[in-house]
Amino acid sequence: MATFGNLSDRLAETFKNLRTKGKLSPADVDSTVREIRRALLDADVALDVVKDFTSKVRERALGDEVNKALNPAQQVVQIVNEELVQILGGTQRRLEFAKKPPTVIMLAGLQGAGKTTLAGKLAKWLAKDNHTPLLVAADLQRPNAVNQLQVVGGQAGVPVYAPEPGNGVGNPVRVAKDSIKYAVDKQYDTVIIDTAGRLGVDADMMKQAADIRKAVDPDEVLFVIDAMIGQDAVATARAFQEGVDFTGVVLTKLDGDARGGAALSVASVTGRPIIFASTGETLDDFEPFYPDRMASRILDLGDILSLIEQAQEAFDEDEARKVAEKFATDSFTLDDFLKQMQQLRNMGSIKKMMGMLPGAGGLKQQLDNFDEKEIVRTEAIIQSMTKAERTNPKLLNGSRRLRIAKGSGMTVTDVNSLVQRFEQASKMMKTVAKGGVPNVPGMGPIPGAGFGGGRGKPQAKKKQGSRSGNPAKRAAENAARASGEKPAVTAGSGGGAGFGLASKAPSGQPNPSPEELEALQRFLR
């Protein structure tokens with residue numbers, strides 16, 4: 001996710017300088033706060049929010065909680081994290097549903113903010129939670145807005161109430177009001193009203209939105225705002241708050257925002273919580289907004305909880321148990337491998353998932369170069385195989401591999417690579433299933449660990465002996481070792497003299513340090 005990319009990089013660089021200091025002076029704190037202020041301003045965060053944020057960070061960083069801390073740098077990062085959580089809204093706020101259905105949710109915002117697509121995303125998200133949503137086409141001004149909502153509703157599998165054709169025809173207030181009666185009659189428990197937007201804030205738009213709100217008395221009014229508009233988000237949010245008022249905020253296009261000023265400004269300025277975030281173009285790129293998790297992403301601390309939740313939604317526990325049993329019995333096939341790949345793809349973007357791991361900021365270039373279509377290519381190769389070939393890859397001779405390559409649009413090299421990766425993965429997972437430690441390709445077994453749950457055999461102690469190239473000297477040194485005496489060191493030949501490290505260093509040169517001697521010993525082993 002590109003969200004807060006530049007801000008995360010700037011903050012990470014700032015904190016890197018702190019970690020080299022055992023104790024922080026007021027000058028160190030001031031320098032850090034100054035860099036944080038610059039980073040936030042560059043991210044288009046509102047000036048008032050920046051001033052308030054940095055003053056709180058500075059006050060706490062100079063307090064006893066940092067001065068008495070064992071690791072002051074980590075304490076400052078913790079302070080910044082806590083203050084970020086506060087300006088993002090503090091705690092997560094969920095949708096409030098009506099005690100007596102239907103729950104009415106009204107969407108408001110500027111044209112181009114993504115309200116219509118967001119309506120479909122919200123409806124699909126609610127449907128997954130066993131709700132029965134109804135989309136209402138109350139945007140009758142924008143060309144083809146009604147048709148677009150019908151298409152989005154079809155993709156989400158949600159019905160659309162659209163009695164008027166739109167394109168300037170129809171009364172949006174009446175449509176919104178009639179939709180409530182329709183929802184009651186058809187027993188829909190949630191109504192999502194898509195209202196009209198404008199290219200800028202104007203009185204007509206505000207009056208229409210206010211009239212719709214007055215007519216339907218919604219349980220939630222969600223202000224939909226494009227996260228990429230920067231500091232304009234503050235002025236727009238204030239205008240909507242005064243003209244219509246809203247109960248929560250939804251941020252769209254977070255995947256394309258590398259600055260994130262809107263998210264860090266709106267909640268703090270308006271006092272209204274951010275409830276949802278839209279992170280992509282597909283209807284599944286939609287998630288509840290957690291201030292603490294978003295703050296962790298900004299500081300490159302990861303978002304493991306969200307990653308776990310995505311995995312739990314995508315993976316079938318029964319299927320995972322069956323796969324584990326197949327690994328243990330060595331019956332894992334390419335068909336099973338294909339199912340695992342498809343479940344992984346159902347989780348969403350691999351790049352986004354990797355971006356949720358702690359320290360992902362350091363892998364930015366690798367993530368950018370990652371090809372999401374690799375999973376699709378792998379699926380194509382496996383699906384080009386026969387049932388027998390998937391069950392027993394040993395059947396794949398040269399002619400079969402050529403046929404599979406042509407059928408999948410790939411090359412024989414790609415097929416060979418897939419089979420090789422499958423065999424390596426099967427061996428590793430079989431070892432893990434039996435309680436052992438896998439032999440990682442290119443790395444060998446993990447040092448000090450055995451296989452099959454047992455301990456490895458102790459290595460025989462290497463035979464000690466002289467390594468001298470002089471036969472007479474070698475015999476004398478071996479005899480001295482056999483008698484338990486320390487071999488004599490001749491002048492100019494002691495302690496690694498052959499590497500320029502004699503027992504006494506030449507005049508003007510320092511003796512080797514213990515670290516250098518230790519490194520040399522490791523080299524000689």
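Residues numbered from 1 in each chain as written. Predicted model: local features only at pLDDT ≥ 70, side-chain atom pairs only at ≥ 80, totals over all residues. Heavy atoms only, no water.

Trainee: Sorry, what's going on with the overall build of the protein here?
Mentor: Across its full length, the protein holds 23 helices and eight strands. Sorting the 525 residues of the protein into buried and exposed places 40% on the buried side. For the protein, restricting intrachain contacts to residue pairs at least 6 apart in sequence, the fraction spanning at least 24 positions comes to 69%. Accessible area of the protein: about 28600 Å², with a carbon and sulfur share of 51%. (Helix = DSSP H or I, 4+ residues; strand = E, 2+ residues; numbered from the N terminus. Buried < 20%, exposed > 50% of the residue type's maximum accessible area, 1.4 Å probe, protein only. Contact = heavy atoms within 4.5 Å. Areas by Shrake-Rupley, 256 points an atom, 1.4 Å probe, with all protein chains shown as cover.)

Trainee: In this structure, what is going on with unusual backbone geometry? I would like to understand it.
Mentor: Of the consecutive residues Pro101 and Pro102, the connecting peptide bond is found in the cis state with omega at 5°. Here Pro102 is to be found in the loop between helix 5 (72-87) and strand 1 (103-108). In the Ramachandran plot, Asn167 falls in the positive-phi region, its phi being about 55° despite a non-glycine side chain. Within the fold, Asn167 resides in the loop between strand 3 (160-161) and helix 8 (172-186).

Trainee: Before we go on, may I ask you to explain the sheet that holds strand 7 (residues 274-278) in this structure?
Mentor: Strand pairing in a sheet relies on backbone hydrogen bonds, with the paired strands running either antiparallel or parallel. Read from one edge of the open sheet, eight strands run 3-2-4-1-5-6-7-8, paired in mixed fashion. A strand with exactly one partner marks an edge of an open sheet, and here the two such strands are strand 3 and strand 8 (286-288). Contacts between helix 7 (residues 145-156) and the sheet are confined to strand 2 (133-137), strand 3 and strand 4 (190-194), with strand 2 contributing the most and set at about 165° to the helix. With respect to the sheet, helix 9 (residues 203-216) is in contact with strand 1, strand 4 and strand 5 (220-226), its orientation differing from that of strand 1 by roughly 175°. (Pairing = 2+ DSSP bridges. Axes fitted to C-alpha atoms, helices over the stretch in contact; angles between N-to-C directions.)

Trainee: Any chance you could explain the packing of helix 6 (residues 115-128) against helix 7 here in plain terms?
Mentor: At a closest axis distance of 9 Å, the pairing of helix 6 and helix 7 adopts a crossing angle of 25°. The angle between the axes of helix 6 and helix 7 places the two elements in the roughly parallel class. Two packed elements cross with a definite hand, and for helix 6 against helix 7 that hand is right-handed. Residues Thr116, Thr117, Ala119, Gly120 and Lys124 of helix 6 pack against Gln148, Leu149, Val152 and Ala156 of helix 7. (Parallel < 35°, antiparallel > 145°, perpendicular 65-115°, else oblique. Left-handed = near helix turned anticlockwise from the far one by under 90°.)

Trainee: What is the right way to look at the nonpolar core in this model?
Mentor: Across soluble globular proteins, nonpolar side chains have a tendency to be buried as a group. Ranked by size, the top nonpolar core spans 95 residues in total, and within it Phe15, Val80, Leu84, Leu122, Leu222, Phe240 and Leu264 carry the most contacts. Among the elements that make up this core, the one with the highest residue count is helix 5 (eight residues). Those residues in contact with Leu84 that lie beyond four places of it in its chain are Phe53, Leu264, Ala295, Ile298 and Leu299. Core analysis: the next-biggest nonpolar cluster, separate from the first, contains 16 residues, Ile375, Ile381, Leu418 and Phe422 among them. (Core = buried A, V, L, I, M, F, W, Y, C linked by side-chain atoms within 4.5 Å.)

Trainee: Could you clarify how one ought to interpret the side chain of Thr378 in this entry?
Mentor: Tracing the backbone through its elements, the reader meets Thr378 in helix 18 (residues 374-383). Judged by its relative accessible area of 5%, Thr378 falls in the buried class. In this structure, Thr378 is in contact with Phe337, Met341, Leu418 and Arg421, ignoring residues within four places of it in sequence.

Trainee: Can you help me understand the environment of Ala145 in this one?
Mentor: Topologically, Ala145 is positioned in helix 7. When its relative accessible area of 2% is taken as the criterion, Ala145 is described as buried. Once the C-alpha coordinates of Ala145 and Gly166 are considered, the two residues, 21 residues apart in sequence, prove to be 7.1 Å apart.

Trainee: How should the pattern of salt bridges be read in this particular structure?
Mentor: Two side chains with opposite charge may pair up if their charged atoms get near one another. This structure, assessed with the given rule, holds 17 salt bridges. Note that Glu220 is salt-bridged to Arg93, the shortest N-O span being 2.6 Å. Taken together, the positions of Glu220 in strand 5 and Arg93 in the loop between helix 5 and strand 1 put the pair 127 residues apart, joining distant regions of the chain. Overall, Glu220 belongs to the buried group, its relative accessible area being 1%. (Salt bridge = Lys/Arg side-chain N within 4 Å of Asp/Glu carboxyl O.)

Trainee: What am I meant to see in the confidence of the model for the protein here?
Mentor: Reading fine detail from the predicted coordinates is not recommended where pLDDT is low. Looking at the protein as a whole, the pLDDT averages 76, with 66% of positions reaching at least 70. When the criterion is pLDDT under 50, residues 489-510 qualifies, and its contacts beyond four places in sequence or with other chains add up to 19 contacts. (pLDDT = per-residue confidence, 0-100.)

Trainee: In this structure, what is going on with helix 12 (residues 291-298)? I would like to understand it.
Mentor: The α-helix advances 3.6 residues per turn, and as a result positions three or four apart in sequence lie on the same side. The element helix 12 is largely enclosed, with a buried count of seven among its eight residues. Every buried residue of helix 12 is listed here: Pro291, Arg293, Met294, Ala295, Ser296, Arg297 and Ile298.

Trainee: Can you help me understand helix 20 (residues 398-408) in this one?
Mentor: Regarding helix 20, the residues found buried are Arg401, Ile404, Ala405 and Ser408. Seen along its axis, helix 20 keeps its buried residues to an arc of 100°; they face one direction. Turned more than 90 degrees away from the buried face of helix 20 sit Ser399, Lys406 and Gly407, all of them exposed. Looking one or two places after helix 20, you find Gly409, whose phi comes out positive at around 75°. (Arc of directions from axis to C-beta.)

Trainee: Help me understand the pairing of strand 1, please; the structure alone is not making it clear to me.
Mentor: Each regular strand shows side chains that alternate between the opposite faces of the sheet. Here strand 1 lies mainly inside the structure; six of its six residues are buried. Side chains of strand 1 alternate between two faces, with Thr103, Ile105 and Leu107 and Val104, Met106 and Ala108 buried alike. Note: strand 1 against strand 4, five bridges, orientation parallel. When the sheet's bridge partners are listed, Thr103 is paired in strand 4 with Thr190. Both strand 1 and strand 5 contribute to a ladder of four bridges, which runs parallel. For Met106, the partnering residue across the bridge sits in strand 5 and is Val221.

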